[in-house]
Amino acid sequence: MPNKKDPQKIKTKPANDAGWNKLDKKTSSHRPWELNLKKQTKPEDVPRSTESVVAVPINLIRPNPDQPRRIFNPTTFAALVQSISDPKVGLIEPIVIRRVEPDLYEIIAGERRWRACQSLKHKTIESIIKDVTAAQAYKISVVENINRDSLNPIEKALSFKALLEKKIFKNQTKMSAELGITRTSIVKTLRLLERLSKEAIEVYFTSSDTVTEGHLHAVMRAPLKDQKELIKRIKEETYSVQKSRDYVSSTYFNNTRSNTVAVKEKHPNWFDLEIHVRPKTTKAEIKE
């Protein structure tokens, strides 16, 4: 007879593969190379999962279709290729992959390194194989890219959006605590997706080397129909962030802030407080 003090057995069932909608990747990724995923020979002794470094055939590895990074800089990529080709340097850090089929692996972290070795005609690449789900792999990939500071603002926003949509994090507060990013920063970054037009974002992906997050926050105050051309102007005329803000203010808002709302115009129900405004005083009197 079982002891009543023994803990009850928890019933479990295997989780199905992720069923969320994938990020929209119909547009080109602006990568300066082409994929070559033709299968050649199958591995004979590659383990399913290991925390040690093993050599895995490059032709059996594919990029992650949910890779957070959309843009790979050709200049830095060329420098990476040159570094790996140097016998005194080589591949400093192994890539991280997961097994998706008996003879196919998917990259979790290290796509640039994999592509560099591929371009150098390497047959194998040093790898760490992790036994994780697609959701776990995406989370690792996002964290790795954020820690390396290798995502541009739009890539970060898309990553945050996907982490929430995929239910990897319950809410922004949980995501903030685990990623070590303030919730304010997360909200501010996600706002770019809400206030920038699709055309403006597409133009930004071709201008991310000169257009910063500060520029984007200035652009998102402009009308949607003008944002695309405004980003082009910022790039061509090398506007500073402050000049971009001034241009938007003077062009669309007569040098006033677009989001200014007088306290006397706010509805009391917004705060569940009764608001009284006294003329010729610096502060509003708020009574509960």
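The structure this text deals with has already been given above.
Since the model is a prediction, treat every value here as computed from it, not as a measurement.

With respect to the secondary-structure elements, Q172 resides in helix α5 (residues 172-179). When neighbours within four sequence positions are excluded, Q172 is seen to be in contact with L164, R183, I186, V187 and L190.

Moving on, we get to the pairing of strand β3 (residues 95-101). Two strands pair when backbone bridges link them, and β3 and strand β5 (residues 124-129) are joined in this way by three bridges, in the parallel orientation. When the sheet's bridge partners are listed, I95 is paired in β5 with S127. Relative to strand β4 (residues 104-109), β3 runs antiparallel, the two being bridged by five bridges. Bridge pairing links I97 to I107 in β4. The hairpin formed by β3 and β4 contains two residues between the paired strands.

Positionally, Q227 belongs in helix α9 (residues 224-236). Spatially, the C-alpha atoms of Q227 and E199 are 8.0 Å apart, while their sequence positions differ by 28 residues. Setting aside residues no more than four positions away along its own chain, Q227 makes contact with R195, L196, S197, A200, V219, M220 and A222.

Listing the buried residues of α9 in full gives Q227, L230, I231 and I234. The inward-facing, buried residues of α9 contact α6 (183-195), α7 (198-205), α8 (213-219) and α10 (241-252). The first or second residue beyond α9 is T238, which carries a positive phi of 45°.

Here helix α4 (residues 153-165) crosses α6 at 100°, and the two axes come no closer than 8 Å. Taken together, α4 and α6 sit at an angle that is classed as roughly perpendicular. Between α4 and α6, the residues in contact are P153, I154, K156, A157, L158, F160, K161 and L164 and I186, T189, L190, L192 and L193, respectively. Looking at the contact of α4 with α6 residue by residue, the class counts come to ten nonpolar, one polar and two charged.

In this section: the environment of I128. Topologically, I128 is positioned in strand β5. Residue classification places I128 among the buried positions, given a relative accessible area of 17%.

In this structure, I154, L196, L216 and I231 are the most contacted members of the largest nonpolar core, which totals 20 residues. Every element with two or more residues in this core is listed here: α4, α7, α8 and α9. If you tally residues by element for this core, the top one is α7, at five residues. With residues near it in sequence (within four places) discarded, I154 still touches L192, L193, L196, I201, Y204, F205 and L216. Within the second largest apolar cluster, 19 residues are counted, among which are L60, I95, C117 and I125.

Definitions and limits used
Residue positions are given per chain, counted from 1 along the sequence in the order it is written. With the structure being a predicted model, the display of local features is reserved for residues of pLDDT at least 70 and the display and counting of side-chain atom pairs for 80 or more, all residues being used for whole-chain, interface and lining totals. Hydrogens and water are ignored here; the side-chain numbers use all heavy atoms of the structure. Here a helix means four or more residues in a row that DSSP labels H or I, a strand means two or more in a row labelled E, and each is numbered from the N terminus. We call two residues contacting when some pair of their heavy atoms lies within 4.5 Å. DSSP-based pairing: two strands are paired if at least 2 bridges between them are found. To sort residues, take the accessible area from a 1.4 Å probe on protein chains only and compare it with the maximum for the residue type: under 20% means buried, over 50% means exposed, and anything in between is partly exposed. Fitted lines through C-alpha atoms give the axes, limited to the stretch in contact for helices. The angle between two N-to-C directions lies from 0 to 180 degrees. Each angle gets one of four labels, with under 35 degrees taken as roughly parallel, over 145 as roughly antiparallel, 65 to 115 as roughly perpendicular, and the rest as oblique. Each residue is assigned to one class: nonpolar for Ala, Val, Leu, Ile, Met, Phe, Trp, Tyr, Cys and Pro, charged for Asp, Glu, Lys and Arg, and polar for all the others, Gly among them. The definition of a nonpolar core used throughout is a set of buried Ala, Val, Leu, Ile, Met, Phe, Trp, Tyr and Cys residues joined through side-chain atoms within 4.5 Å.

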